[in-house]
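# Breakdown of the fold
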Protein chains: 4
Amino acid sequence: MVLNDLQRELREFAAQRGWERFHTPKNLVMALAGEAGELVELFQWLTPDESADVMTRPEQAERVRDEVADVLAYLLQLADRLDIDLAAALRDKVRRNERRYPVELAKGRADKYDQLRSGDEV
Amino acid sequence: MVLNDLQRELREFAAQRGWERFHTPKNLVMALAGEAGELVELFQWLTPDESADVMTRPEQAERVRDEVADVLAYLLQLADRLDIDLAAALRDKVRRNERRYPVELAKGRADKYDQLRSGDEV
Amino acid sequence: MVLNDLQRELREFAAQRGWERFHTPKNLVMALAGEAGELVELFQWLTPDESADVMTRPEQAERVRDEVADVLAYLLQLADRLDIDLAAALRDKVRRNERRYPVELAKGRADKYDQLRSGDEV
Amino acid sequence: MVLNDLQRELREFAAQRGWERFHTPKNLVMALAGEAGELVELFQWLTPDESADVMTRPEQAERVRDEVADVLAYLLQLADRLDIDLAAALRDKVRRNERRYPVELAKGRADKYDQLRSGDEV
């Protein structure tokens, strides 16, 4: 299982350095949010079109790839610490959203987005 | 590959609903940050100890599991859209951090955290 | 009016550099979130007690002061751009919260925080 | 002083409810980040043009005004708790940025944004 493998690597990395005590769920959530903030900074002045081309510029591409990895690292460590099966949690979410947003209603309705409460998944 | 499977599911989910045009990298990064913010809200008033027990309270556990899945969903969609191999990016990161934080130096040094620039991985 | 003065300074600063076109509300919101993320990074590994003493360490104090100013700068520019009277918006909020959290009910009730939906103002 | 007045109101509001002990700097920073995340959610699916018109739609306008007030509330409480003079911190910042981004160099240079490290103030 890829996710589990990555989590084990990260767990060992932290354990070897005696860093577990810093990794309370509260702290890991903050670290995740901090990395999400760094990712936002890479995109904040880009137009939507520029954002679609960001990987064609080597320097930017490297930083985006790096920040995306940081977010994943903290997400995996948080889930590991809380004993959440990430893949199962995501699959449950998709199942629920299939009921909430049936294709026949949602399809091609741009205006749907106006009616979604903000924060709803799309 | 688990990550790829999840990404394909999410891609189909969005495609069936005609939502791809909302999914610019810029927008997906914002959605990811928004979900990270919701996760932060679940932990903001908890003490570190309370945060470690959050999964023992069924209602909170469900919300944490849900938000963690949301963050993962947008991270996977962002990586998919940018053609970033998440597992490879994370493994590269771990390799780099093994060089930056050698065990013999980092181990058991609580004060290390004072010297890290904030935002550094732990 | 202090807030208005600061907003005028920031407006002139951006106008002199021809930066207005980057300052769409969408982009300013992202910049605000990015700075909030940097602030989070400064506190993520601190215990609550350490966080209370952060200003006694000159280097950390300077960075916290700096990030707090960055958040304020983008908040002021966003409000200016959207024509939101920040002081009035906050006063309305306080009035509403006085009704939602009456002193006689909220006072001294630590457990209140368990019942608040996360994200509620405290 | 407007900022000080607002801070005193918020301080009394929290004190009357015995909420000071939840208001560690660490927790307030998280609350600020959470509110910034909610603000991001209101803008995440909007085009830049739509984001410029957000205040013309009464329902959205109300929510934006509300979240902006929430961010300000936590920022003021954080600064109050840390004894940071927000107006002075911001003025120092503007002075520094005037030196970093001299008008004659920055003016009208759209490409400037490519050269700024992300997260730099604009």
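What this report covers is the structure whose coordinates are included nearby. Per chain, the residues get numbers from 1 upward, laid out in the order the sequence is written. Here every chain gets a letter starting at A, and every ligand a number starting at 1, in the order they are written. Only residues with pLDDT of at least 70 get local features here, since the model is predicted, and only at 80 or more are side-chain atom pairs given and counted; chain-wide, interface and lining totals rely on the full set of residues. Based on all heavy atoms of the structure, the side-chain values leave hydrogens and waters out of the count.

## A word on the overall build of chain A
Only runs of H or I of at least four residues qualify as helices and only runs of E of at least two qualify as strands under DSSP, and these elements are numbered from the N terminus. For chain A, the helix and strand inventory stands at 7 helices and 0 strands. By the burial criterion, 59% of the 122 residues in chain A qualify as buried. It only takes one pair of heavy atoms within 4.5 Å for two residues to be counted as in contact. Across chain A, every contact between residues at least 6 apart in sequence was considered, and the portion connecting residues at least 24 apart equals 59%. The accessible surface values rely on the Shrake-Rupley method and a 1.4 Å probe; as for residues, cover is taken only from the protein chains in view. For chain A, the accessible surface area stands at approximately 5000 Å², while carbon and sulfur atoms represent 47% of it. Note on exposure labels: buried denotes an accessible area under 20% of the residue type's maximum, exposed denotes more than 50%, and partly exposed covers the range between, all computed with a 1.4 Å probe on protein chains only.

## Concerning the side chain of K26 of chain D
Counting through the fold element by element, K26 of chain D comes out in helix α2 (residues 25-43). For the buried K26 of chain D, no salt bridge exists, and the shortest N-O distance to an oppositely charged side chain is 7.3 Å, to E50 of chain C. If near-sequence neighbours (up to four positions away) are discounted, K26 of chain D is found in contact with K26, N27 and M30 of chain A together with F43, Q44, W45, L46, T47, P48 and S51 of chain C. Neither His nor the chain ends is counted toward charge; the positive residues are Lys and Arg and the negative residues Asp and Glu. Here, a salt bridge means any side-chain nitrogen of Lys or Arg that lies within 4 Å of a carboxyl oxygen of Asp or Glu.

## Quick look at the environment of D80 of chain C
All names here are of chain C. Inspection of the secondary structure assignment puts D80 in helix α4 (residues 58-82). We classify D80 as partly exposed; its relative accessible area is 25%. D80 sits 72 residues away from R8 along the chain, and the two C-alpha atoms are 8.7 Å apart. Excluding residues within four positions of it along the chain, D80 makes contact with Q7 and R11.

## A few points about the relation of the copies chain A and chain B
Our superposition of the copies is a least-squares fit, built on the C-alpha atoms of residues whose pLDDT is at least 70 in both. Expressed as a screw operation, the relation of chain A to chain B combines 0.0 Å of axial shift with a rotation of 180 degrees, fitting to an RMSD of 0.0 Å. Here the transformation between the copies is reduced to the relation of a two-fold axis. Minimal C-alpha distance to the rotation axis in chain A is attained by V2 of chain A, lying at 3.1 Å. When you check the interface residues of chain A against chain B, 100% turn up at the interface there too, and the contact is symmetric in its surfaces.

## Quick word on the packing of α2 of chain D against helix α4 (residues 58-82) of chain D
In a packed pair of helices, the relevant descriptors are the angle between the two axes and the axis-to-axis distance. All names here are of chain D. Orientation is described by lines fitted to C-alpha atoms, with helices fitted over the stretch in contact, and by angles between N-to-C directions that extend from 0 to 180 degrees. Here α2 crosses α4 at 160 degrees, and the two axes come no closer than 9 Å. Taken together, the axis directions place α2 and α4 in an arrangement best described as roughly antiparallel. The crossing of α2 and α4 is left-handed. For the pair formed by α2 and α4, the contact residues are P25, L28, V29, A31, L32, E35, A36, E38, L39, L42 and F43 on the first element and R63, V64, E67, V68, D70, V71, Y74, L75, Q77, L78, R81 and L82 on the second. Think of it as three bins: nonpolar holds Ala, Val, Leu, Ile, Met, Phe, Trp, Tyr, Cys and Pro, charged holds Asp, Glu, Lys and Arg, and polar takes everything else, Gly as well. Considering only residue class, the contact of α2 with α4 consists of 16 nonpolar, 1 polar and 6 charged. Any angle from 65 to 115 degrees is called roughly perpendicular, while one under 35 is roughly parallel, one over 145 is roughly antiparallel, and all others are oblique. Note: crossing handedness is left-handed where the near helix turns anticlockwise from the far helix by less than a right angle, and right-handed where it turns clockwise.

## Here we look at the packing of aromatic side chains
Aromatic pairs are defined between Phe, Tyr and Trp rings, using the six-membered ring for Trp, whenever the two ring centres lie within 6.5 Å; interplanar angles under 30 degrees are classed as stacked, those over 60 as edge-to-face, and all others as tilted. Counted by the stated rule, this structure contains 12 aromatic pairs over all chains. Here W19 of chain A and Y101 of chain B contribute two aromatic rings whose centre-to-centre distance is 5.5 Å and whose plane-to-plane angle is 75 degrees, an arrangement assigned as edge-to-face. In this pair, W19 of chain A sits in the loop between α1 (2-16) and α2 (25-43) while Y101 of chain B sits in the loop between α5 (86-100) and α6 (103-106), so the two residues belong to two different chains. By relative accessible area, Y101 of chain B is classed as buried at 4%. The interplanar angle of 70 degrees and the centroid separation of 5.9 Å between the aromatic rings of F13 of chain D and W19 of chain D together place this pair among those described as edge-to-face. The burial state of F13 of chain D is the same as that of W19 of chain D; both residues are buried. Site record: aromatic cluster; members linked through ring pairs are F13 and W19 of chain A together with Y101 of chain B. Counted as over-ring charges are cases with an Arg CZ or a Lys NZ within 6 Å of the ring centre that also lie within 35 degrees of the ring normal. The ring of F13 of chain A has R17 of chain A sitting right over it, with the charged end atom 3.7 Å from the ring centre.

## Describing the side chain of K26 of chain A
Counting of polar contacts relies on pairs of N or O atoms within 3.5 Å, with two restrictions inside protein: one atom must be capable of donating a hydrogen and the other of accepting it, and residues adjacent in sequence are counted only when both atoms are side-chain atoms. One polar contact links the side chain of K26 of chain A to the main-chain carbonyl oxygen of F43 of chain B, over a distance of 3.2 Å. Among residues more than four places away in sequence, those in contact with K26 of chain A are F43, Q44, W45, L46, T47, P48 and S51 of chain B together with K26, N27 and M30 of chain D.

## Describing the interface of chain A and chain B
Taken together, the contacts link 78 residues of chain A with 79 residues of chain B. Both sides together, the interface formed by chain A and chain B hides about 6700 Å², and carbon and sulfur atoms give 67% of it. The term buried area means the drop in 1.4 Å probe accessible area that two parts suffer when joined, counted for both and summed. It is W19, K26 and L90 of chain A in chain A that bury the most area against chain B; as a group they hold 10% of the surface buried on that side. On inspection of chain A and its partner chain B, the count reaches 12 salt bridges. The closest approach of N and O atoms between D92 of chain A and R65 of chain B, which form a salt bridge, is 3.0 Å. Inspection of the chain A/chain B interface yields 22 residue pairs in polar contact (both at pLDDT 80 or more). Per element, the largest residue contribution to the side of chain A that touches chain B is 16 residues, and it comes from helix α4 (residues 58-82) of chain A. Here the residues of the side of chain A that touches chain B are counted per class, giving 47 nonpolar, 10 polar and 21 charged.

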